[in-house]
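Summary of structural features
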Amino acid sequence: RHRALRCDRALNPAMSYASTTPAETAPAATDSVGRSTSARYNETLSSRTMCAYGFFRLPISGYDLTVRPARTAVYIEALNQSILTHAMIVSCCKSVDFLLGFLVGTTSDNVSTRWGRRKPWVVVCFPFAIVSMFLLVTPFPFSGDAVFSDSDDFPCGEIEPDSATACPALEQCLVEMIANGTLPAHNVSSVESSNPPAPAALSVWFALFYFAYYFFSWTCTMIPYDALGMELTSDYSKRVSLFSVRVVFQFIGYAVPNAVGLVLSNIFPTNIIAVYAYTALVLGVVSLAALLVLGFGVSERPEAKTGQGNEVPAVVAVRRALCNRPYCIYLFIKFPISLVSLLPVNLMSFFLRYGMKMEDWASLYFTLVLVILFASLLGTPLVWYLTRRFGKREVLLYVSGACCPFFFAFFFVPPQSFPTAVIYIAGVFVGLLTVVMFVVLDSMLADIIDYDALHTGKRSEGVYTVAETNLQQFIEVIGGVVPLLLMSAVGFENNGGCECGCGVACDEAYMRWKCPGDIGYSCDGQSTFDSPPLFGEVGRQAPCVDQGSDAVVWIIRAFLFALSGVCLLLVCLGAKIYPITKAAHSAILDATESLAAGGEATDPLTGKAVVRSAASHAQLRREHFSARELSLSSHWLKTQLSGRLLLWLGAFIAILAGMAASGGEARQYIVAIGAICCSALFVLVPWDAARLQVLLKMSRAERAVGPSAEEKDNSARS
């Protein structure tokens, strides 16, 4: 390859030297406004830069795998927040953030500073994400003494429950307190609850910091960070290496909260709030170190520091992306495979507790996640080798196809007969699929952006990564909200209807659980799950692992296993038709450089000539509309856009009115579903409003011009 490049330089001395020399040592050739005229750049990306870039993914991953399970464990199970209220807040926050992501992505593309286009976003916004994450998983105004619990104020609390010599004295004290009515009997049908429904202030706290966490971390930090990775190198194989290094740090980041959680779950076996509080402190320290390494260890491309942006309106940038057929196929693959990686994190704790009836579910959960991460770390070099050897499309197809039958088989295994070894096998499959998603798909997206640059002459990493991030947000609604709504509809009860137990700490240190009709008094209630109850049947099952309706467990199984199997079938279908191979990518870069040199080029995927439109304000205004829309009369197009805008506004008002008019328990269902519908309207309303505004500003001459060759080409490609 290097000999061929030397021959090319000998035959063409004007060839850009940046195609084989790192950007750190020799800047790429640029035009009059500082944009690169070479499609190839930084093809010998250094290991130092790859590690500095990848290290920042470590705390982000740690946050992700802390917040997702903490939402249910802390707010729903420990603090007794209604599952419907929780789902409603999540869907509302995601809906608003869905729109803000597009604004951040296009602004990141269009606004350049002397520090770059991407890093200023990360440096400014990530500290707010650190604070928001800590306050989200540690709602200290509502957790009371959950982190530092002291049960001495309760009857018999002065007796050390973990002392073998004190156990008879504790039992005698409990007998006396039960006899005089101070404490309820172990089999009393109803008990006075000291754990009332969560106050409205807790919901406000959750909504505020849940939105702040996702806005500052995933929207304002991860969109520019992902875009930065897409533009660090143009080499097909180096991109695989870059994202493989990032994946290694990503899975180390996943391992950190789970390793810390595994240790803390042994220190606080019945206090899940304390586990997540101290985990958040550890991640905060790591986050500051990662921010410094990224700031000083990674340099953006030279043209990103010229102060000149793309100057492409958001609507035009998104329309160009949607005309990119490989990108549409990529989204078809990304949605289901992301859902497969999300569902185990969101639902596995429910499956272990209510499906497998495990009181000590937290230890197995953290161990399972560590197995997933260990499999991911071991699988990363394997996927890296196979991808470089056989290609991205082939690895995606065969790995997904191999895992698919196992998920369908897991669905039919009765949960209480589910061997622990099978749980770990499922974890290995999830780990491999996650590696494929982050190594293969991210490098595929970078290739797709190169294909977009061939047709538009612009680099739009921010637009493409924001669409992916918003897709991830929508997947969070599908995988995190819809199962909760269905579980609630069939009778789900927080913590099995119990006040405490199964990982939720009881106020009294001598209680393993406190449920209607069954109180688990034990000598070591707060320190171990093996302590036998002092009263009643010794080997009885903790009531907090039981849901009154079997339908709850069926919904968990359907989403966790059956839906995952269906998603993998869709991934195989998308991989089969994905068009950009290594040879095709090289041809895309050659065609881009040919156009930059003033020559002609052919699209390697379609075989048609590439026609770029002039980068004028008039042309950008025209690109707000399709070729079919431009063929309409001005009056009819205005009527059409105005009608659509009124339709979206009417639907939005109708949804808000429906949510306000609803009452009772049905209101939370309606609000949650309405918020999901509003997520689409939050995009459609400003979309058509912006296009109508542009249409009103277009001159008669601009509207009279027929569709350009590029507009026809975009319509054909879309």
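Calculation notes
As a convention, each chain's residues are numbered from 1 in the sequence order in which they are written. Where totals are concerned, whole chains, interfaces and linings use all residues; where local detail is concerned, this predicted model gives features only for residues with pLDDT of at least 70, and gives and counts side-chain atom pairs only at 80 or more. Processing note: side-chain calculations cover all non-hydrogen atoms of the structure and skip hydrogens and water entirely. Exposed residues in this analysis have more than 50% of their type's maximum accessible area, buried residues have under 20%, and partly exposed residues fall in between, with area computed by a 1.4 Å probe over protein chains only. The helix count covers DSSP runs of H or I at least four residues long, the strand count covers runs of E at least two residues long, and both are numbered beginning at the N terminus. Only strands joined by at least two bridges in the DSSP assignment are considered to pair. Any cysteine sulfur atom paired with another within 2.5 Å is treated as part of a disulfide. Multiplying 1.5 Å by the helix residue count minus one yields the expected span of that helix. Between two residues, a contact is recorded if the distance between any of their heavy atoms is within 4.5 Å. Buried Ala, Val, Leu, Ile, Met, Phe, Trp, Tyr and Cys residues form a nonpolar core when they are joined through side-chain atoms within 4.5 Å. Every definition here rests on a 1 Å grid over the protein atoms only: cavities are sets of points where a 1.4 Å probe fits but cannot get out, pockets are open sets enclosed by protein on both sides within 12 Å along at least five of seven lines, and lining residues have some atom within 4 Å of a point. Grid points are joined across faces, edges and corners, and a volume is the space filled by probe spheres set on the points. Note on residue categories: nonpolar means Ala, Val, Leu, Ile, Met, Phe, Trp, Tyr, Cys or Pro, charged means Asp, Glu, Lys or Arg, and polar means any other residue, Gly included. Any two of the Phe, Tyr and Trp rings considered here, Trp counted by its six-membered ring, make a pair once their centres fall within 6.5 Å; the pair's planes then place it as stacked at under 30 degrees, edge-to-face at over 60, or tilted in between. The bend reported for a residue corresponds to the angle between axes fitted to the seven residues ending at that residue and the seven starting there.

A separate point is the pairing of strand β2 (residues 518-521). Taking every second residue as pointing to the same face, both faces of β2 are buried, with Asp-518 and Gly-520 on one and Ile-519 and Tyr-521 on the other. Bridging between strand β1 (residues 511-515) and β2 involves three bridges; their strand directions are antiparallel. Considered in β2, the bridge of Lys-514 is made with Ile-519. Between β1 and the antiparallel strand that follows it, β2, lie two residues; Gly-517 among them carries a positive phi value of about 85 degrees.

On inspection of all chains with the given rule, the structure shows three disulfides. For Cys-498, the disulfide goes to Cys-515, at an S-S distance of 1.9 Å. Measuring the twist about the S-S bond at about 105 degrees, one finds the Cys-498-Cys-515 disulfide to be right-handed. With Cys-498 in the loop between α17 (482-489) and β1 and Cys-515 in strand β1, this residue pair connects regions lying 17 residues apart in the sequence. Here Cys-498 falls in the buried class, since its relative accessible area comes to 8%. The disulfide partner of Cys-500 is Cys-506, and the gap between their sulfur atoms is 2.0 Å. Note on the Cys-500 and Cys-506 pair: the S-S dihedral is about 95 degrees, so by sign convention the disulfide is right-handed. Each member of the pair, Cys-500 as well as Cys-506, carries the same accessibility label: buried. With no disulfide of its own, Cys-125 has Cys-220 as its nearest cysteine by sulfur position, at a separation of 4.2 Å. When its relative accessible area of 9% is taken as the criterion, Cys-125 is described as buried. Of the cysteine sulfurs around Cys-403, a residue in no disulfide, the closest is that of Cys-404, at 8.8 Å.

Every α-helix carries 3.6 residues per turn, so stepping three or four residues along brings you back to the same face. Under the 1.5 Å per step criterion, the end-to-end length of helix α14 (residues 392-411) is 29 Å for 20 residues, consistent within 8% with the ideal 28 Å. Those residues of α14 that sit buried are Lys-392, Val-395, Leu-396, Leu-397, Val-399, Ser-400, Cys-403, Cys-404, Phe-407, Phe-410 and Phe-411. Where α14 is buried, its residues contact α9 (236-267), α12 (325-355), α13 (361-390), α15 (420-456) and α18 (550-577).

The next subject is the nonpolar core. Counting 184 residues, the largest nonpolar core has Phe-56, Phe-351 and Leu-396 as the members making the most contacts within it. Per-element accounting of this core gives the leading share, 19 residues, to α15. Those residues within four positions of Phe-351 in sequence are excluded, and the remaining contacts are Met-356, Pro-415, Phe-418, Ile-423, Ile-556, Arg-557, Leu-560 and Phe-561. One finds Leu-630, Leu-645, Leu-695 and Met-698 within the second-largest nonpolar core, a separate group that totals twelve residues.

A word on empty space enclosed by the protein. The tally for this structure, following the rule as stated, stands at eleven cavities of 30 Å³ or more. Size it by volume and the largest cavity reaches roughly 430 Å³. Surrounding the largest cavity, 29 residues form its lining, Asp-64, Tyr-254, Ser-341, Met-437 and Phe-438 being those nearest its centre. Listed by contribution, the elements that provide at least two residues to the lining of the largest cavity are α3 (57-78), α8 (200-230), α9, α12, α13, α15 and α16 (461-480). Taken together, Pro-344, Met-348, Leu-368, Ile-372, Phe-407, Ile-423, Ala-426, Gly-427, Val-430, Leu-560 and Phe-561 form the lining of the second largest cavity. Listed by contribution, the elements that provide at least two residues to the lining of the second largest cavity are α12, α13, α15 and α18. Considering each element in turn, the lining of the second largest cavity owes the most residues, four residues, to α15. Here the lining of the second largest cavity is built from residues that sort into ten nonpolar, one polar and no charged.

On to the packing of aromatic side chains. Counted under the stated rule, the structure contains 34 aromatic pairs. Here the aromatic rings of Phe-55 and Phe-249 are separated by 5.8 Å at their centres, their planes lie at 70 degrees, and the arrangement is edge-to-face. Note that Phe-55 is positioned in helix α2 (residues 47-55) and Phe-249 in helix α9, a separation of 194 residues in sequence. Of the two residues examined, Phe-55 and Phe-249, each falls in the buried class. On the numbers, 4.9 Å between centres and 75 degrees between planes, the contact of Tyr-213 with Tyr-214 is edge-to-face. The class for Tyr-214 is buried, based on a relative accessible area of 4%. Aromatic rings pair up to connect Tyr-53, Phe-56, Tyr-63, Tyr-75, Phe-126, Phe-206, Tyr-210, Tyr-213, Tyr-214 and Tyr-225 into one cluster.

Quick look at α13 now. Helix length check: α13 (30 residues) gives 41 Å between terminal C-alpha atoms against 44 Å at 1.5 Å per residue, within 8%. A bend of about 35 degrees at Gly-379 is the largest found in α13, and the proline Pro-381 appears one to four places after it. Where α13 ends, the next residue or the one after it, Gly-391, has phi of about 115 degrees, a positive value.

Note that every value here comes from positions in space, so none of it alone points to a role or purpose.
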